[in-house]
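Tertiary structure, described
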Amino acid sequence: MNTAADTVLQPLLEADPGAPLVTHYDLAAPSRVELSVTSTANWAAKIAGLLRDEVGVVPGDAVVCDLPAHWLTAGVVLGVWWAGAEVRGAGADGADAVAVITVADRLDRHPSDLEALLMTTHPMGLPLAAAGVEVPAGVADLAEDCRIHPDSFVPAGAGPLAVDGAALDTLVDESLRARVLVAARDADDVDAVSVLARVLASGGSAVLVTGADPASAEVADVAATERTTATPRG
């Protein structure tokens, strides 16, 4: 039984492993970071290895992913799926979750007894300590701790659910089998986990744009440059 990550990544890797899968513009920084299918898969493999080997995630578990719009969020979603687990969004019931992956300013939203991993939001993916962010005792620095894990992953099995109680095939939207523009003034203004899960499940690629008004000329220029042809509905 393939994991959700296998189902998403295998056809993309076979078709064009060098194609862009997630591109993130922070127009306020400004910065642009683009990950190919292969690079995203490498991050996902490392995160899956961390979750399985150090956190103890097993197929069928649930992991809360309370994350902003950032290129690494795609790697987290795929990494949780590759570990055979279900992604739970910020607003979903996380009572039976085994861990939470979030960012520093959202950590206090989650139970202190839940194993926590903090994701960096540095444009280049620097670990939190290297980026000058304090990591609380007992909390893992995702970008630092996953680096020792291999760039490939062999799953132990697959759970039946992908996101918030839904199977992967129910997330498919044919309109998102495209280069998809996801724009928000602030990285927290979009449900990035849900949107990226839908884009990935549909076989599309995402262009995340933060730091500017979505209706601005700057965002329109990015859309033209990246040749986006779709935006998420709802």
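The structure we're discussing is the one just above.
Values in this document were obtained by computation on a predicted structure and should not be read as measured data.

Considerations on the overall build of the chain
- A count of helices and strands for the chain gives 6 helices and 9 strands.
- Relative to its length of 234 residues, the chain is compact, with a C-alpha radius of gyration of 16 Å against a globular reference of 17 Å.
- Projected onto the principal axes, the alpha-carbon positions of the chain cover approximately 45 × 40 × 30 Å.
- Buried positions account for 54% of the 234 residues belonging to the chain.
- Taking all contacts inside the chain whose residues are at least 6 apart in sequence as the whole, residues at least 24 apart take part in 73%.
- Of the roughly 10000 Å² of accessible surface on the chain, a fraction of 51% belongs to carbon and sulfur atoms.
- Separation between the mean location of the 13 positive side-chain charges and that of the 33 negative ones in the chain comes to 6 Å.

Notes on the packing of helix H1 (residues 4–15) against helix H2 (residues 37–55)
- Their axes nearest at 10 Å, the elements H1 and H2 cross at an angle of 145°. Crossing hand, H1 versus H2: left-handed. Together, Leu9, Leu12 and Leu13 of H1 and Val37, Thr38 and Ala41 of H2 make up the contact between the two elements.
- Taken together, the residues of the contact of H1 with H2 break down into 5 nonpolar, 1 polar and no charged.

Things to note about the sheet that holds strand S3 (residues 62–66)
- Overall, parallel pairing links the 5 strands, which are arranged S4-S3-S5-S6-S7 in an open sheet. Two strands close off the open sheet at either side, each with one partner strand: strand S4 (86–88) and strand S7 (140–141).
- Examined bridge by bridge, S3 and strand S5 (residues 99–102) share 4 bridges and lie parallel to one another. Paired with Val64 across the strands is Val100, a residue of S5.
- The sheet strands contacting helix H3 (residues 71–82) are S3, S4 and S5, and the helix crosses S4 at an angle near 140°.

Here we look at helix H5 (residues 192–201)
- Among the 10 residues that make up H5, 9 are buried, leaving the element largely enclosed by the rest of the structure.
- Those residues of H5 that fall on the buried side of the exposure criterion are Ala192, Val193, Val195, Leu196, Ala197, Arg198, Val199, Leu200 and Ala201.
- Following H5 by one or two positions, Gly203 adopts a phi angle in the positive range, close to 85°.

Digging into the state of the cysteines
- Taken as a whole and judged by the stated rule, the model has 0 disulfides.
- Here Cys65 stays unpaired: no disulfide links it, and the sulfur of Cys146, its closest cysteine neighbor, is 14 Å away.
- A relative accessible area of 0% places Cys146 in the buried class.

Each value, and the rule that gives it
Residues numbered from 1 in each chain as written. Predicted model: local features only at pLDDT ≥ 70, side-chain atom pairs only at ≥ 80, totals over all residues. Heavy atoms only, no water. Helix = DSSP H or I, 4+ residues; strand = E, 2+ residues; numbered from the N terminus. Rg over C-alpha atoms; globule rule 2.2 N^0.38 Å. Buried < 20%, exposed > 50% of the residue type's maximum accessible area, 1.4 Å probe, protein only. Contact = heavy atoms within 4.5 Å. Areas by Shrake-Rupley, 256 points an atom, 1.4 Å probe, with all protein chains shown as cover. Lys, Arg positive; Asp, Glu negative; His and termini not counted. Charge placed at Lys NZ, Arg CZ, Asp CG, Glu CD. Axes fitted to C-alpha atoms, helices over the stretch in contact; angles between N-to-C directions. Left-handed = near helix turned anticlockwise from the far one by under 90°. Nonpolar A, V, L, I, M, F, W, Y, C, P; charged D, E, K, R; others polar. Pairing = 2+ DSSP bridges. Disulfide = S-S within 2.5 Å.

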